[in-house]
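Take a look at the letters that make up each chain.
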Amino acid sequence: MGFEIDYLALAPELVIVVTMIVVLALDLTLRRDNKYWTATTAVAGTALALIPLGILAINGEVVSMFDGSYVVDEFALVLKGLFLVSGYIVFLMSHHYIESDRYYQGEYYFLLLASILGSLVMASSRDLIVLFIGLELVTGPLFLLAGWRKGDAKSNEASMKYFILGVLSTAILLYGMSLIFGLTGEVQFTAIAEATADMSTEPALIVAILFMIVGFGFKISAVPFHFWAPDTYEGAPTPITAYLSVNSKAAGFVAMLIVMYMALPGASDIWAPALWLLAALSMTIGNLSALRQTNIVRLLAYSSIAQAGFMLVPFAAAAVSGADLEQAFGATLIYLVIYAVMNLGAFAVVIAGARKTGTGEIAGWAGLAKVDSIMGVLTAVFFFSLAGIPPLAGWFAKFEMFRSVMIADPATIALAVIAAINAVIAFYYYAKVIKAVWLDDPTGEFTDEAEAEPAGSLKLALAVAVALTIAIGIYPSIAAFVRDAAQVLATGG
Amino acid sequence: MSVTDWISEPVNWAFLAIGLAVLFCGFRVVTAKNVVHAALYLVGALAGTAGLFLLLSAEFVAWVLVLVYIGAVIVLFLFGIMITRAPTGLDEGLDGDRKLWPAMLSIALFVVMAWTSIEAFGSNEVVTTGSPTSTDLLGESLLGRFVIPFEVVSFVLLAALIGGITIARRDLTPAEEEERASV
Amino acid sequence: MNWINHLAILAAEEGGHVEITAGDGGFWGDTAWIMLVTPFIAFLAILAVGKRLKHHGGEIAVAALAINLVWATALFVLNMTEGVLDTTNTIEIANIGSGIVFELGWMLDGLSIMMYFLVNFVGLLVFIYALGYMHGDVRVHWFFAAFSLFAGAMLVLVGAPNLIQLIIGWEGVGLASYFLIGFYWEDIANVKAGNKAFMTNKVADVGLILGAILVGISIGHFDFRHLNEAAVAQDPALAAVAVAGGALLFFGAMGKSAQFPLHIWLPDAMAGPTPVSALMHAATMVTAGVFLMARMFPLYQNFLEDSVRPWMVAIGAITLFAIGLLALVADDIKKVLAYSTVSQLGYMMTAVAAGGYTAGLFHLFTHAFFKALLFLGAGSVIHAVHSNNMSDMGGLRKFMPKTFWTFVIGSAALAGIFPLSGFWSKDEILATLNYEGYVLVMWIAIAGAFVTAFYMTRTVALTFFGTYKGHGHPHESPRIMTAPLIGLAIPSVLFGLVNIPGVEIPGVSNFTTWLGVSVVGLGDHHAESIDITLAIIGSVAAILGLVAGWMIWGKDRDTQQERDWFRLPGLYPLLRRKYYVDDVADGLVGVTMGPMAQFVNWTNTYVFDGIVNAVGGATKWLGGVVYNGLDQRGVDGVFNGLSAAADSAGSSLRKMQTGKVQQYASGFVAGVLILVVLFVFVI
Amino acid sequence: MIVNQFLILAAALFSLGVYGLLIRRNIVLILLSVELMLNAVNINLIAFESMLNTPQAIGQVFSIFVITVAAAEVGIGLAIVLMIFRNRRSANVDDLDLMRY
Amino acid sequence: MEWFETWGLTVTVFLPVLGALLLGFIKKDNEDALKRTALAITVLAFIASTVVVANFDFGGGTYNTYQFEVNETWIGAINANYHVGIDGISLPLLVLSTFVMVLAVIYSWNHWEEPKNPKAFLILMLILATGMNGTFVALDLVLFFIFFEIVLLPMYFMIGIWGDKSLRQVPGFSKPFETRLYASIKFFLFTLFGSAFMLLGFLALYFESGNLGDERTFDITQLTELGASGAFAGWSVAGWVFAAMFLGFAVKVPMFPLHTWLPDAHTAAPTVGSVLLAAILLKLGSYGFIRISLPILPEEAQVWAPWIAILAVIGIIYGSLACLAQTDMKRLIAFSSVGHMGFVMLGIATLTDIGINAAVIGMVAHGLITGLLFFLAGSMSHRYHTREMARLGGNIKLMPVIGGILAFTAMASLGLPGLAGFWGEFMSLVAAYNPLEGLSLGVFRTGMVLGAIGTVLTAGYMLWMLQRVNLGEPNPEWEGHDFHDADKFELTAWVPLIILIVVIGFYPKVIFDTTTDAVTSMVDMVFGGDSTTASISTTVKGG
């Protein structure tokens, strides 16, 4: 039996693949002092990959390949766009960072590209196997990249912890998948959906679903599967941390979204409550732990755990079907997109700030705004946005999150209330950073302008992020297009 | 089906034998006081698994398992063990000092998993056609419907390879950099 | 519609007789608003340019009142000659919905015209007097500014066609009073006196405001016209709130008119310059309460016959007698006059409360002149001897004859000596009380008359007779000060004659008619002829007081203290402490307010802020627990409290520690299990 | 043969793997335990496959992927082990020694 | 003017923020340019608002019809629109906002708190202006929410950066905080807490509006239609929704016992900050009640009204008593706001046209008067470098002009008839005497009496403040200092306020002509029926 392959549909992936190979080739040929070309190539490649993506988006018909196990529809495109853009920004952030510190550049970009490729594949996957492989390709390289600062014991530990828990979660995930397969005899989502339509009381199915949730829960670092996150975030090179907290988290969410909504819509009465629980736990524990952080990266780590909790909230509402299902969907997606933008921005600020202050300790940032008001404004923008203060993008994310659960259902409304209280708690530690930067008087010495000046690429990254953050905040319809993707998913699932 | 007619099937004797062996090996893997022994017990467990696969008429997979694991992975392991100078003799320090909770956790886990699968699959028969799954069928679906994961997984391996090397290799000192560059 | 005619008709039914014609005052009436405006213009003008003028703005103030007096007199005369004027002009200042409208404007009827005349006439003289009295004092411009402000506010008050404007004027005069009492604010004591006055009145104003709301809202109108119509027509809506409303309004009146026990502010108010005391705390402002009662007279007349009015009478009676006694023991001449003022206000209030509309207002009218006269006289004395205390005076009649004679006239008038004005008005009150059946109160009033004469004799004797005991060389005050004295002495003598019962001054009838309430419909009694017996009794009481006083204080001694030997047996300590009312009041405020305030502040800091901070702190603490206890120690911490033994410190790979990773992992697995158990077995 | 006998065996292996992962201190041994778990998954897949006999032998294909990925994981894991080892050594041994090695 | 008819409000609202952008391009050290630009912008905004007034049709019309209306799609996906418009209720507040903003800029001309940074300060002020103006014209819940929240950021920075640097021992914490830090975060967390729940309330309304047939909407006008028609009457959770919104607004007002952020924030904030806080920010809350809570959930409003009234009255008494215990002048003024806003809320709670009228004029008056008081307090502490009343005294001797204005303002603040402050207090008492038919007369009339007593306390602490600050002999420690009296910038900022206070005091028509129609029609539309008739009948019963 032959399968015709639509290469245009696969174009983005292919472009990335080509880029990877080129990067490798360059890395072998180039001398150390102009290895930065690999970076340029990577950046260019990701940018290039956006072109076919655009074309696909424009003529936008749904391409389904291999018995519908690999589908390129609006949803997939939106997410691929998200992965590519955020990847692009991460490259921009990495450029100077990697170059300055005698890291292995070529391999770095190669692995990062591989991870991105994985996320692209996963976005299109409509089949457990493809999904699984995609996820592995996303995380595999990251295990290594987390330890990229080879000389640093922290970095080693970061990668080790990440790895061990990673494989554990993979094993559990796989066990769940195997059960699904056993119950349905299928790995293709729509088929699974049909098979499991009236199975929701089946213990095995429950176990399978929960095991898979655990697998994904690890990727999105939801409590209680979050333990790796803070240490790893702190140890890994900052751009990788950014990537972890945005792309790989997003990857986890995408996996969760498509599996839950497409493969197991019938069992929503199992996973919705489960995710309700995870959401509540993640928000609360994430926020509470963040209150005590003195290191800005660790703080962001816990914040990203809490944010994951917020993103999980809409899932809990999925138990009720119909328009609200799609709504809940859109909410998570929009939150993902906005979160990606502002969190990347925040990490870019962290890189630039650390360069200037020479420390990741919040106390060390005291009075930064007095010497560099631009930095101050950027910090304020991104952290207030994370806190969800209008008119910055974050508010709309939270707004959508609330909106998705304020359906007349006590359980979800209770979750909304928990979320509301958490939103207030969260503000406190975001404000802690802003307080240090704006309100406190300088304590430490700041390194002199010349070398501390953020690199052009970083500036570009910051510019992109801040522009998006404010634009979305003021005119959220920009982000609202994501909802159409949600429709595709909710209905076509 | 009752225990008696289950026991009456000879193939189940084979299963029992292999299964128990696998279990024993598995148990030793996690308890052995000697790293190398542990690795070797894993070999045993895998070999047993391969046997079970044969019972289940999955020849190809069985051989893949043997080749990949026993042929490659274990060797890798032994290398790792040796390079990292892990003690080859007895060693008390391999395990954490607290075993109680892990034990209870895993037992509970086992109970849950076993119970659910019994609930789910009761006494479904395993269809043993005797004729092993044809390799070309596997080939077709691998290069057909599953070509994408097939391609992608190669990247997983490639990434692991390159990344692994980079991570594991010894960094050159600046001096060596110089000389490397001058050549 | 014209409520007085309405009343007249009503009266006619009741067999009343006098039909009064109503005019509108023509040009003077249409432009009467000028009176309400000029003082404010003067106020601003003085603030603006006062400092640079010769008299520091005094001339502006005087000019303003002079203009006003023209109108006031014109209207007064019109009112006498062409029958009672009766018009109201208003402009709307707010329509607040529910059909309720606030208006400002000016009213022309007997009562208001009488007050216009009073305020402007007395006011003008006092202003002129002040030109001399304040000469060379500090902040003179501010004095005249505030004084003009007062005049304006007072005119706004008396001209008020409705309760809202009345309240505005009411508080306005209170404000001016506050400014002028605390005029010498460098001395905190004066400031406190000002505060006391303001606060006492503010307390009373609660009554005024609530009363106004009750009666106003009940019929949906705040203007007196509708209110009084409603009262006469026995409007049920009004009837429903009459008792409460009436009582509350009276409470308000008690404050301004210094009725016992809210009189405490008035004596302290003497801290202000003497002209202030003369005009505000004697002649005009303090009568506002009586004025209000008169304005709302129909309400009390028609609804509160035997519910509120007896109480009002009682309070008035207490005030007129008990406070009068206080004048006996005061050494400060102004305090004496102050207590006497309170006592006289008691007379007025009693009269009005008893139903003696005319009587009360007539006494208000006459009292204004002679009390102003007395104060100015006292001021003149003080100006001469630079002391308020009679113990520094004595024998002044030789030094300052004009002051002396005018002061004597004033005292006699106050004491109610025939035929001075005080006699007639007091007699009228007695008659009313008698007629209305408050016989006991009548006797109290008579006793009050005795007391009045008694302490006024004391004052005159101690001040003007005997030999001078003070320092320096007292001298007669300049003409600019004596002229007003004379100007006031004349009406003090004559104006009693305008209301001799049964006597109609040809062509202009008499005071009762001018007030426009000859209508018996109001239930106001107006004796047809002099009640000889009462007149005699009253006079006798006065004479007795006079004689007794002279016998006690007439003789000169070495020191004023020795002259002032008489101690009212038994009462004296009580009187010195002013019946402890002030002490009680201060005590109450001190005991309640301070601690309450402190308590509230304490709760705010330690309870509410406390809670807030506690929540904040608790959250942070919880963060610590979650982070250190749960998140960092790993789940073992939760499971069995075993702390993280393993850390990533080991240096040899053999023992390569996996850090907390295994706790993490066990947390991981535990999470799985809990979820599974929860969903498989529980749910 | 019924499918459950295999499933239970797999469950047992999986649990053993978890146990090992939780108690072992040596990363290499932890890796071994993980292999055990993955192996259990494989048994599941194959057992199901031969229960269901899917037209495309999905189960077996899946298990092949799992094996491959497992191999990759091992590679990554060991690489990390080496890196850490090297750091720990070089932390307390002088450069000469490092050179010689 | 056709163009302006549609976009006038938008201009008024967004001019300031554009100005803020503009300032961003001006050099930090070029102070004059910064100040001039800021002034120009605010003046333009003010002019724009006055043009709105000029073209405003005072004919009124029925409630829920707005002028200068713009309704453009904004977030189509959730049917949230850029819907702005203005009516008699919001007009005075909008003008107040733009007007005070101008004065604030003028005042700060030569009053910069440390650390001196005119650029940042002015930018924040302009952003603040946009937030405040926007809140008053927003006719879409989401839009309202955004503007409502926007004001937080600038205020947070104003307090935090330029606020009071003195250390403060906070109960419940061992180590003392810098007042500014404590106050700023407290202010923010409080408001955020409130508005988070407010948002939940909005969302609940949104969904319910969908269940009622037509599509889900955030549009205030449509929701009002529904609410007035009693559509939400049978709604089981309506009470909770009202409660949620109550939380949001009550924190902002602030109502007892949610007021504790206010004294700290007002005291810690820089002068201009306190002025804007008092003059306008507090009004956002009470405005929210009038514009959103009452019309949309009338039934719930009637259930809650007595409780609101009780809290309001407690606030009046409580605030006044607290004032009597203050030693810090600015803190005293801050607490006085609690009392005054108590009157505003009492008026609102009566649910009558008079009451709401009282609330509106009360807001305006409080804005003018307390704003002025904070200006004065700022200028004085600027000169004395202390706000401790114990150390002040005889101020009017040292600085006659400032002292005089202080006395005047204090009088206005204690509700002296003939000055702006009187009408709000008096009318809310009037309204409390006859609340909407069906509301507990007992509660409201008790409230009326207590409120009246509250006016006495108000007078008490105001006079006491004057006595300690203004009168008596100056404290010896100021011997030799020559204090310059009010300079021209201060006077330019203050005199307009003084004039307005007097004008409104004697001729409140200027406010009522705009509000009464709107308010009356609102009460008729929402609470059914004209309350005069109601009042009289109840009176008869009540008497």
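Criteria and thresholds
Residues numbered from 1 in each chain as written. Chains lettered and ligands numbered in written order. Predicted model: local features only at pLDDT ≥ 70, side-chain atom pairs only at ≥ 80, totals over all residues. Heavy atoms only, no water. Core = buried A, V, L, I, M, F, W, Y, C linked by side-chain atoms within 4.5 Å. Buried < 20%, exposed > 50% of the residue type's maximum accessible area, 1.4 Å probe, protein only. Contact = heavy atoms within 4.5 Å. Salt bridge = Lys/Arg side-chain N within 4 Å of Asp/Glu carboxyl O. Helix = DSSP H or I, 4+ residues; strand = E, 2+ residues; numbered from the N terminus. Buried area = accessible area lost by both parts, 1.4 Å probe. Expected span 1.5 Å × (residues − 1). Polar contact = N/O pair within 3.5 Å; in protein donor to acceptor, adjacent residues only side chain to side chain. Phe/Tyr/Trp six-rings, centres within 6.5 Å; stacked < 30°, edge-to-face > 60°. Lys NZ or Arg CZ within 6 Å of the ring centre and 35° of its normal. Patch = residues over 30% accessible without salt bridge, like charges linked within 9 Å, V, L, I, M, F, W, Y side chains within 5 Å. Areas by Shrake-Rupley, 256 points an atom, 1.4 Å probe, with all protein chains shown as cover. Axes fitted to C-alpha atoms, helices over the stretch in contact; angles between N-to-C directions. Parallel < 35°, antiparallel > 145°, perpendicular 65-115°, else oblique. Left-handed = near helix turned anticlockwise from the far one by under 90°. Nonpolar A, V, L, I, M, F, W, Y, C, P; charged D, E, K, R; others polar. Pairing = 2+ DSSP bridges.

1. Examining the nonpolar core
Piece 1. Counting 811 residues, the largest nonpolar core has Leu-264, Trp-271 and Phe-384 of chain A, Phe-102 of chain C, Phe-14 of chain D together with Phe-426 of chain E as the members making the most contacts within it.
Piece 2. Dropping the residues within four chain positions of it, Phe-426 of chain E is found in contact with Phe-102, Ile-164, Ile-167, Ile-209, Ile-213 and Phe-222 of chain C.

2. A look at the pattern of salt bridges
Piece 1. If you walk through the whole model with that rule in mind, you get 38 salt bridges over all chains.
Piece 2. Two residues, Lys-161 of chain A and Asp-231 of chain A, come together in a salt bridge whose shortest N-O distance is 2.7 Å. Of the two residues, Lys-161 of chain A is situated in helix H6 (residues 153-184) and Asp-231 of chain A in helix H9 (residues 228-235); the sequence distance between them amounts to 70 residues.
Piece 3. Since its relative accessible area comes to 12%, Asp-231 of chain A is described here as buried.
Piece 4. The closest approach of N and O atoms between Lys-35 of chain E and Glu-31 of chain E, which form a salt bridge, is 3.1 Å.

3. Side note on the interface of chain A and chain D
Piece 1. Across the boundary between the two partners, chain A contributes 32 residues, which contact 33 residues of chain D.
Piece 2. Where chain A abuts chain D, roughly 2,900 Å² becomes buried across the two surfaces, and 81% of that area is made up of carbon and sulfur atoms.
Piece 3. The largest share of the area that chain A buries against chain D comes from Phe-163, Tyr-175 and Phe-181 of chain A, three residues that together contribute 21% of it.
Piece 4. Connecting chain A to chain D are zero salt bridges.

4. Here's the deal with helix H3 (residues 35-55) of chain B
All names here are of chain B.
Piece 1. Between its first and last C-alpha, H3 extends 30 Å over 21 residues, near the 30 Å set by a 1.5 Å rise per residue.
Piece 2. The N-cap residue of H3 is Asn-34: its side-chain oxygen and the backbone nitrogen of Val-36 are 2.7 Å apart.
Piece 3. One or two steps after H3, the chain reaches Ser-57, where phi turns positive at roughly 55°.

5. Topic: the packing of aromatic side chains
Residues and elements named next belong to chain C.
Piece 1. Enumeration according to the criterion identifies 111 aromatic pairs over all chains in this entry.
Piece 2. For the ring pair Phe-450 and Phe-454, a centre distance of 5.6 Å and an interplane angle of 15° mean the geometry is stacked. Placement of the pair is Phe-450 and Phe-454 together in helix H21 (residues 439-464), with a separation of four residues, close to one helical turn.
Piece 3. Chaining the aromatic ring pairs together yields one cluster made of Phe-76, Phe-117, Phe-121, Phe-362, Phe-365, Phe-369, Phe-495 and Phe-511.
Piece 4. Over the face of the ring belonging to Phe-183 we find Arg-139, whose NZ or CZ atom lies 5.4 Å from the ring centre.

6. Topic: a nonpolar patch on the surface
Piece 1. A surface patch of nonpolar side chains, amounting to about 580 Å² of accessible area, comprises Ile-91 of chain C together with Val-495, Ile-499, Val-503, Phe-506, Tyr-507 and Val-510 of chain E.
Piece 2. Ranked by the residues each element gives to the nonpolar patch, the list is headed by helix H19 (residues 488-506) of chain E, at four residues.
Piece 3. Tracing the backbone through its elements, the reader meets Val-495 of chain E in helix H19.

7. Here's the deal with the arrangement of the chains
Piece 1. Here eight pairs of chains are in contact, and chains B and D lead that list by number of contacts.
Piece 2. With no contact formed, the shortest span from any C-alpha in chain B to any C-alpha in chain E equals 36 Å.
Piece 3. There is no contact between chain D and chain E; across them, the least C-alpha separation is 41 Å.

8. Regarding the packing of helix H10 (residues 261-268) of chain E against helix H13 (residues 329-349) of chain E
Residues and elements named next belong to chain E.
Piece 1. At their nearest, the axes of H10 and H13 sit 8 Å apart, and the two run at 140° to each other. Classed by the angle they form, the pair H10 and H13 counts as oblique. You can see that H10 and H13 cross each other, and the crossing is right-handed. Facing H10, whose interface residues are Leu-262, Pro-263, Asp-264, His-266 and Thr-267, H13 presents Lys-330, Arg-331, Ala-334, Phe-335, Ser-337 and Val-338.

9. A short note on the side chain of Asn-295 of chain A
All names here are of chain A.
Piece 1. In this fold, Asn-295 is placed in the loop between helix H11 (268-291) and helix H12 (296-317).
Piece 2. Taking relative accessible area as the criterion, Asn-295 reaches 12% and is therefore assigned buried.
Piece 3. A polar side-chain atom of Asn-295 sits 2.6 Å from the main-chain amide nitrogen of Val-297.
Piece 4. Dropping the residues within four chain positions of it, Asn-295 is found in contact with Glu-234, Gly-360, Glu-361 and Ile-362.

10. Remarks on the interface of chain B and chain D
Piece 1. Between chain B and chain D, the residue contacts involve 89 residues of the former and 69 residues of the latter.
Piece 2. It is Val-30, Phe-77 and Arg-170 of chain B in chain B that bury the most area against chain D; as a group they hold 9% of the surface buried on that side.
Piece 3. Across the chain B-chain D interface, the total number found is zero salt bridges.
Piece 4. Summed over the shared surface of chain B and chain D, the result is six residue pairs in polar contact (both at pLDDT 80 or more).
Piece 5. Of all elements in the fold, only helix H2 (10-31), H3, helix H4 (59-83), helix H5 (100-121), helix H6 (135-143) and helix H7 (147-168) of chain B reach the threshold of two or more residues within the side of chain B that touches chain D.
Piece 6. For the side of chain B that touches chain D, the residue count by class is 57 nonpolar, 20 polar and twelve charged.

11. Regarding the pairing of strand E2 (residues 101-108) of chain C
Residue and element names in this part refer to chain C.
Piece 1. Burial of E2 is extensive: six of the eight residues sit out of reach of the surface.
Piece 2. By the bridge criterion, eight bridges tie strand E1 (residues 87-95) to E2 in an arrangement that is antiparallel. What sits directly across from Glu-92, in E2, is Glu-103.

These values are about where atoms sit, not about what they do.
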